[in-house]
Amino acid sequence: MSTSTPAAPPAVPPAGLSVPAPRRTAAEPLRIASVPAGHVYVRHLSREVGPAPHRLPDPEPPGVNRYAGAQWWPPVMLDPAWVREADIDLMHVHFGFDGCEPETLREVVRTLHGRGIPLVLTVHDLRNPHHEDRSVHDAQLDVLVPAADALLTLTPGAADEVRRRWGREATVVPHPHVVPFRLMAVAQDCRARRRVGDVRVGLHVKSLRASMDPAAVLPVLARTVAELPGAVLQVNGHRELLEPDGAHHDADLAALLRTEHAAGRIDLRVHDFLGDDAFFAYLGSLDVSVLPYRFGTHSGWLEACRDLGTTVVAPTCGYFAEQGPVLTYGHDEHGLDADSLADAVRTAVLERPALGATIDERRAQRALVADVHDEVYAAAISARRGG
């Protein structure tokens, strides 16, 4: 737990006073307010080596202490008071606006544009995986998407949806690697040396996002995996969900999983949130990871699996299948196609397709991602400042 005293928030300029955007020399790196800067996706938007924008660290809100390594806290960068005098050339929003009222986002946009500072938005989520009711997220996107000086997204399908809903064009740029290259190399070497042992099919219920329906897929997975020689169905979940005293305890799901475990149909693992190294070790220990989503858009989990050589079985909702090679099954808010799920798992276990990404592929992709972002930033700044 951090014991340092949070920095005081910046003073708020008098109403109506606009602090002009700074002007950098060609030798100075752009100062980017990325929301949130601490997310692994954002950290991998720049080149491994060489020139890169300076992404400001996430400011901590006054009076809030956070545990070491935490990335999610109220986004101070989306406070209009912070935006009014921040020394930045551009704001790039990814995640973290869940708790912002649409009017707050409008004020952020007005303040940025009043200072001549462009807003870039990467549309990661067209449907928020944490929200059963999509109306709040839709209202937030209805502010940000039309107002952004430039839009990016991860897949052609998402770009098509942006075009249909708002009449805007989004540049499609792939999701960069999630796992550090050093750990990718270790994981790929371990997988290549693996000669014996069970074939592990993984289902992770985490803390049960609104988008997840593990109770629907579990019976199909249990039956299918039981028919496959040497295959084991491993189910992982967080203590806060599966322990009786957990903050988000789900008694029905916990009872179902413990019954299946007692009957020998699943290998149940209950634990706290995993740190990065433990999380990557867990994903790398699986041969197959089944995503139990009934709605959503894109997945960083999928990308981490591909980094580690773990085959992904992804639902047909959202645009998961456009991110990279995966096996798919029918699952959305209208229901589950049990036969397609069973077929995908059998293919994953019996044929063992190599659907992961190599380090060389990810390195080349990261360079491409950095180039695209540099071009988008330069064009947005030039257009906002009149060339």
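Structure: above.
Residues numbered from 1 in each chain as written. Predicted model: local features only at pLDDT ≥ 70, side-chain atom pairs only at ≥ 80, totals over all residues. Heavy atoms only, no water.

Draft legend 1. Focus on the overall build of the protein. Along the protein, the regular secondary structure elements total 13 helices and 14 strands. Summarising its shape, the C-alpha atoms of the protein cover approximately 70 × 45 × 45 Å along the three principal directions. In the protein, which comprises 387 residues, the share counted as buried stands at 51%. Intrachain contacts of the protein at a sequence separation of at least 6 include 70% that bridge at least 24 residues. Roughly 17400 Å² of accessible area belongs to the protein as shown, and the carbon and sulfur atoms make up 54% of that amount. (Helix = DSSP H or I, 4+ residues; strand = E, 2+ residues; numbered from the N terminus. Buried < 20%, exposed > 50% of the residue type's maximum accessible area, 1.4 Å probe, protein only. Contact = heavy atoms within 4.5 Å. Areas by Shrake-Rupley, 256 points an atom, 1.4 Å probe, with all protein chains shown as cover.)

Draft legend 2. Main features of the sheet that holds strand 7 (residues 199-206). The six strands are arranged 9-8-7-10-11-12 in an open sheet whose pairing can be described as parallel. Each edge of the open sheet carries a strand with a single partner, namely strand 9 (267-271) and strand 12 (327-329). Pairs of neighbouring strands in the sheet enclose a mean axial angle of 25°, with direction left out of account. Here strand 11 (residues 311-315) runs beside strand 12; their pairing, made up of three bridges, is parallel. By the bridge assignment for strand 12, Ala-314 is matched with Thr-328. With respect to the sheet, helix 7 (residues 214-226) is in contact with strand 7, strand 8 (231-238), strand 10 (288-290) and strand 12, its orientation differing from that of strand 8 by roughly 155°. (Pairing = 2+ DSSP bridges. Axes fitted to C-alpha atoms, helices over the stretch in contact; angles between N-to-C directions.)

Draft legend 3. Just the pattern of salt bridges, in detail. If you walk through the whole model with that rule in mind, you get 29 salt bridges. The residue Arg-200 makes a salt bridge to Asp-267 at a minimum N-O spacing of 2.7 Å. Here Arg-200 is found in strand 7, whereas its partner Asp-267 is found in strand 9, with 67 residues between them in sequence. Of the two residues examined, Arg-200 and Asp-267, each falls in the buried class. Where salt bridges share partners, they join Glu-103, Arg-106, Glu-107 and Arg-110 into one cluster. (Salt bridge = Lys/Arg side-chain N within 4 Å of Asp/Glu carboxyl O.)

Draft legend 4. Region of the structure containing helix 3 (residues 102-114). Taking 1.5 Å as the rise per residue, helix 3 with 13 residues should run 18 Å; its terminal C-alpha atoms sit 18 Å apart, in good agreement. Turning to helix 3, its buried residues number three or more, namely Pro-102, Leu-105, Val-108, Val-109, Thr-111 and Leu-112. Gly-116 occupies a position one or two residues after helix 3 and carries a positive phi of about 80°. (Expected span 1.5 Å × (residues − 1).)

Draft legend 5. Spotlight on the side chain of Asp-125. Structurally, Asp-125 can be placed in the loop between strand 4 (119-123) and helix 4 (135-147). It is Arg-209 that comes nearest to the buried, bridge-free Asp-125 among opposite-charge side chains, at 6.9 Å. For Asp-125, the contacting residues outside a window of four places in its chain are Phe-95, His-137, Leu-141 and Thr-297. (Lys, Arg positive; Asp, Glu negative; His and termini not counted.)

Draft legend 6. How the structure looks around the nonpolar core. One finds Leu-78, Trp-82 and Met-91 to be the most contacted residues of the largest nonpolar core, which totals 35 residues. If you list the elements that add at least two residues to this core, you get strand 1 (31-35), helix 2 (80-85), strand 3 (90-93), helix 3, strand 4, helix 4 and helix 5 (156-166). Within the second largest apolar cluster, 33 residues are counted, among which are Val-225, Leu-241, Leu-257 and Leu-355. (Core = buried A, V, L, I, M, F, W, Y, C linked by side-chain atoms within 4.5 Å.)

Draft legend 7. View of the packing of aromatic side chains. By the definition in use, this model includes four aromatic pairs. Between Tyr-282 and Trp-301, the aromatic rings sit 6.4 Å apart at their centres with planes inclined by 70°, giving edge-to-face as the arrangement. Taken together, the residues span a long stretch of sequence, with Tyr-282 in helix 10 (residues 276-285) and Trp-301 in helix 11 (residues 300-308) at a distance of 19 residues. What links up through ring pairs into an aromatic cluster is the set Phe-279, Phe-280, Tyr-282 and Trp-301. The cationic tip of Arg-127 hangs over the ring face of Phe-295; the distance from NZ or CZ to the ring centre is 3.8 Å. Directly above the aromatic system of Phe-181 lies the positively charged group of Arg-363, at a separation of 4.5 Å from the ring centroid. (Phe/Tyr/Trp six-rings, centres within 6.5 Å; stacked < 30°, edge-to-face > 60°. Lys NZ or Arg CZ within 6 Å of the ring centre and 35° of its normal.)

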